[in-house]
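What follows is the residue order along each chain.
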Amino acid sequence: MKVTEHIKKANGKTQFSFEILPPLKGQHIQSIFDNIDPLMEFKPPFIDVTYHREEYTYKDAGNGLLKKQVVKKRPGTVGICAAIQNKYGVDAIPHILCGGFTKEDTENFLIDLDFLGINNVMALRGDAVKTETYFKPEKDGHTYASQLVAQIQELNKGNYLDEELQNSSKTNFCIGVAAYPEKHMEAPSLESDIHFLKEKIKKGAEYIVTQMFFDNDKYFKFVKKCRDAGIEVPIIPGLKPIATKKQLNLIPHRFHVDLPEDLILEIIKCKNNEHIRQVGVEWCIEQSKELQKSGIPILHYYSMGKSDNIKAIASQVF
Ligand code: FAD
């Protein structure tokens, strides 16, 4: 079922969903199931599975030269989605990127999803590869997520890249896109970011999932700005509980979001990570309850491969 249909069917009740990462290459898929199992009691209508593009590493070739290696550390997004739908009977949403994909790669990826009965996708640009500063599209790939959304929509109309194909089958993807209540790091202003967010909706995206935020006020203000700009689709908040002291610096650096002063002070006071985890869970419960009260259709949690704190939150909220 499509995300939009799940929202309609819930008839105003706030639902619980979460995102997982594929395991590091070499790990068994059971590690994923071990994280999903404890969260199934909260009846997620869907589970998102991230996509991780290739990374470049340089190894000593032994002759004074470096050998470039291209590695995908977390492959398996499509396989995990199929396994989730099979094992749990829950919709799985693969993330799909512009980065590392030509238009032909994108089309073939979507054909695989369609054949597997996966009809939701989260369309993203992706970040620059770790060794580069700016995002670079493939030679025949997309520069922005809006172009990827447009390609998926074309396939939904039965228009494949090869214009000579006759009587082609139409896909039926419901497309989600990302948004940033605190602005995407490259956007010159929140207004311009919202302008391009609207472009993704115009091209056919049907719902939005936000970057994590720790201050609900930022989310509420962002939603108001989007509505004022004419964006009417559901804006699903993304939430993540802080779990370690290291994240105090890592989260603002990596995700370009601010942490509220009260939360920072609480974490600084903590003696160990166990205590920090507790503070993070309590903060996230408060955020979730306030969002739930305001009638949000789905609260979406970034599990980052750890289900215990998400379970602690969900059991207090759902
Ligand atoms: P876009 O919508 O293309 O926007 C990128 C930037 O370009 C923005 O600053 C925007 O304002 C600007 N822009 C857009 N269109 C134009 C235009 N026409 N002209 C000029 N500027 C423009 N990354 C992964 O690698 N794998 C994942 O699985 C993944 N999942 C994510 C899930 C969520 C919910 C979120 C919020 C992020 C996720 N990311 C993931 C990270 C994401 O790929 C990065 O944040 C990336 O830098 C931007 O992706 P986007 O789809 O928002 O890009």
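Before reading further, recall that the structure is shown in the block above.
Everything numeric in this text was worked out from a predicted model, so none of it was measured.

A. Summary view of unusual backbone geometry. With a phi angle near 50°, K43 is a residue other than glycine that sits in the positive phi range. Positionally, K43 belongs in the loop between α2 (30–36) and β2 (46–49). The class of K43 is exposed, set by a relative accessible area of 65%. Positioned with a positive phi, K183 is a non-glycine residue whose angle comes to about 80°.

B. Layout of the packing of aromatic side chains. The full count for this structure, using the stated rule, is 11 aromatic pairs. Taking the centre distance of 6.4 Å and the plane angle of 85° together, the rings of Y301 and F318 count as edge-to-face. Of this pair, Y301 sits in strand β10 (residues 298–302) while F318 sits in the segment after α11 (308–317); the two residues are 17 residues apart in sequence, bridging distant segments of the chain. For Y301, a relative accessible area of 0% translates into the label buried. Exposure remark for F318: the relative accessible area of 31% places this residue in the partly exposed category. Here a set of aromatic residues connected by ring pairs shows up, and it is made of F16, F18, F42, Y301 and F318. Seen from the ring of Y56, K68 lies directly overhead, with NZ or CZ sitting 4.2 Å from the centre.

What counts, and where the lines are drawn
- Residues numbered from 1 in each chain as written.
- Predicted model: local features only at pLDDT ≥ 70, side-chain atom pairs only at ≥ 80, totals over all residues.
- Heavy atoms only, no water.
- Helix = DSSP H or I, 4+ residues; strand = E, 2+ residues; numbered from the N terminus.
- Buried < 20%, exposed > 50% of the residue type's maximum accessible area, 1.4 Å probe, protein only.
- Phe/Tyr/Trp six-rings, centres within 6.5 Å; stacked < 30°, edge-to-face > 60°.
- Lys NZ or Arg CZ within 6 Å of the ring centre and 35° of its normal.

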